Amino acid sequence: MIKVEFAAARPDGAYALAIPVRGGDVLHDRLGALAEPTRALAARAAEAQRFEREPGGIAETFVDDDGIVRRLLLVGLGAQPGDGVYERAGGALTARLLVSGETKLVVDLSGLGLAGRDSARLAFGAAARSWRHDSYRTKLPRKHKPTLETVVLVGAGDDAAQEWARLAALLAGLDLTRNLVTEPANILYPETFVERVRAALDGSGVEIDVLDEKAMAKLGMGALLGVAQGSVRPPRLLAMRWNGGRAGARPIVFVGKGITFDTGGISIKPALGMEAMKWDMGGAGAVAGLIKTIAGRKAKVNVVGICALAENMPDGNAQRPGDIVTSLSGQTIEVINTDAEGRLVLADALTWAQREHKPEILVDLATLTGAMIISLGHEHGGLFSNDDGLAEALAAAGKASGDLLWRLPMGEAYNKIMDSPVADMKNSASREGGSITAACFLERFIEEGVKWAHLDIAGMVWSDKANHLYEKGATGFGVALLDRYLADNHE
């Protein structure tokens, strides 16, 4: 990602110049850094491009800046500051310049009177939008290679650098999550996922424990191991503990589904689009990125992140529809559909998390159901909870961070659909309300008194269209959401 710097005045030399403009600003005044007639020509160019100052809108031209031919970009901030406005402006600038040939961008905030937090958010948008994963592109055309290396913010405010330190930690977490989600399944599988995360957290103060298949078998994790038994890649349970809060305080626990590739098992998926199932570990990726973030900013809270890692494959040893497995909780599960595997690995991970760490608050993240995409598309993640206060806090954090959530109902009418005639429950039911019944399945593994939320993020971890914070591909959804939730409610 690009480097972010702060300065009191515009530097000398070659760079592109960006000037943010609010809806009520007099354009001629905002261009005060330029001499006449350059100022008038730039204003006329913006008018000709129908620049309406909408958030992230850009008018671009070239001007004579004291003898230097300079690319000038006017970027809109809208009429009223709102959620995501500054991130949108920063991201729009990077999207325009990333492969433009420019190596440096100077954003002149002088005269806007922005708070340091807002200036830092603009820088965050610019940096987040620059993330790329070109590791395997050996013949990338020159015109598609990123050139932008540095963004300099001028007149950002006295506390901008301090605010930036927190956001830089979030960027590091996003970088980890996006890389994990993007890697192909022949490179990233349970064992290498653990290696990548261990390396990323080295020296951070995070305590790491790993359970292999023998340890899980000894404990009785029949649901998780049943999913993994069809793959030559052995499963892992990764636990990361950050002790930044009061000594002895119960931790907040986050559990992520980490199916590093999902064929569907014996209930095999159609071939079309199956390559996308490398991101079925997006929940685990987000949990790892969250731990990287909070360790980076030394969050004053005790947190445990758990990644339930397995590969779902259809070999001769794979579990079959109709098999019955015994979970760590002791409850038995009839496997109706081997493609409903995420809830099986989560069942054992949730039970282990509660037994081992005794949380008061437990949140799981999972790319759990295709039904979630049918319900909410790619605009919101699904939110289910047994506690209204927790649900409201997560939804608020989602709005503030841009990782939007929408709460869906639960209840006994849905829960009883998951009853099995031959076991305590079945892992799949009818298509109707599929995301809800999946959440009800998970709730059966939550102990009394534990505040629990389930985030079904199936439509959110990968995007086929660009956003102001990311190019097409891995989004990093969940990292900013959970970091904001912790900051607003537990620090």
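Residues numbered from 1 in each chain as written. Predicted model: local features only at pLDDT ≥ 70, side-chain atom pairs only at ≥ 80, totals over all residues. Heavy atoms only, no water.

**Quick notes on the pattern of salt bridges**
Move 1: In this structure the tally under the stated criterion is 27 salt bridges.
Move 2: When the shortest N-O distance is used, the salt bridge between E471 and R129 registers 3.8 Å. With E471 in the loop between β18 (462–463) and β19 (473–474) and R129 in the loop between α4 (116–128) and β6 (150–154), this pair connects stretches of sequence that are 342 residues apart.
Move 3: A salt bridge links D323 to R320, with the nearest nitrogen and oxygen atoms 3.2 Å apart.
Move 4: Salt bridges sharing common partners tie together E60, R71, R96 and E102. (Salt bridge = Lys/Arg side-chain N within 4 Å of Asp/Glu carboxyl O. Helix = DSSP H or I, 4+ residues; strand = E, 2+ residues; numbered from the N terminus.)

**Description of empty space enclosed by the protein**
Move 1: Summed over all chains, the structure comprises one cavity of 30 Å³ or more.
Move 2: Size it by volume and the largest cavity reaches roughly 30 Å³.
Move 3: Lining of the largest cavity is provided by A42, A45, A46, Q49, A59, E60, T61, L72 and L74.
Move 4: Sorting the residues of the lining of the largest cavity by element identifies α2 (38–48), β3 (58–65) and β4 (68–76) as the ones contributing at least two each.
Move 5: Taken together, the residues of the lining of the largest cavity break down into six nonpolar, two polar and one charged. (1 Å grid on protein atoms, 1.4 Å probe; cavity = no way out; pocket = protein on both sides within 12 Å on 5 of 7 lines; lining within 4 Å. Points joined across faces, edges and corners; volume = space filled by probe spheres on them. Nonpolar A, V, L, I, M, F, W, Y, C, P; charged D, E, K, R; others polar.)

**So, helix α12 (residues 388–401)**
Move 1: Taking 1.5 Å as the rise per residue, α12 with 14 residues should run 20 Å; its terminal C-alpha atoms sit 20 Å apart, in good agreement.
Move 2: Buried residues of α12: L390, A391, A393, L394, A397, G398 and S401, and no others. Projected onto a plane normal to the axis of α12, the buried residues spread over an arc of 165 degrees and lie on a single side. Structural note: α12 exposes E392 and K399 on the side pointing more than 90 degrees away from its buried face.
Move 3: Buried-residue contacts for α12 involve β13 (361–366), β14 (381–385), β15 (405–407), β17 (451–456) and α15 (479–489).
Move 4: Capping the start of α12, D387 holds a side-chain oxygen 3.2 Å from the backbone nitrogen of G389, two or three residues further along. (Expected span 1.5 Å × (residues − 1). Buried < 20%, exposed > 50% of the residue type's maximum accessible area, 1.4 Å probe, protein only. Arc of directions from axis to C-beta. Contact = heavy atoms within 4.5 Å. Polar contact = N/O pair within 3.5 Å; in protein donor to acceptor, adjacent residues only side chain to side chain.)

**Remarks on the sheet that holds strand β16 (residues 425–426)**
Move 1: As summarised here, the arrangement of the three strands in space is β11-β12-β16, forming an open sheet in which the pairing is mixed. A strand with exactly one partner marks an edge of an open sheet, and here the two such strands are β11 (324–326) and β16.
Move 2: Here two bridges tie strand β12 (residues 332–334) to β16, and the two strands are oriented parallel to one another. If you follow I333 over to β16, its bridge partner there is M425. (Pairing = 2+ DSSP bridges.)

**Quick word on helix α14 (residues 434–443)**
Move 1: Burial within α14 is extensive, with nine of its ten residues counted as buried.
Move 2: Turning to α14, its buried residues number three or more, namely G434, S435, I436, T437, A438, A439, C440, F441 and L442.

**A word on the packing of aromatic side chains**
Move 1: Under the definition given, this model contains one aromatic pair.
Move 2: Ring geometry for F441 against F445: centres 5.4 Å apart, planes inclined by 50 degrees, an arrangement best described as tilted.
Move 3: According to the relative accessible area criterion, F441 is buried, its value standing at 0%.
Move 4: Of the residues examined, F445 reaches a relative accessible area of 4% and is grouped as buried.
Move 5: Sitting over the face of the ring of Y15, R70 holds its NZ or CZ atom 3.8 Å from the ring centroid.
Move 6: The aromatic ring of Y189 is capped on one face by R233, whose charged end is 3.7 Å from the ring centroid. (Phe/Tyr/Trp six-rings, centres within 6.5 Å; stacked < 30°, edge-to-face > 60°. Lys NZ or Arg CZ within 6 Å of the ring centre and 35° of its normal.)

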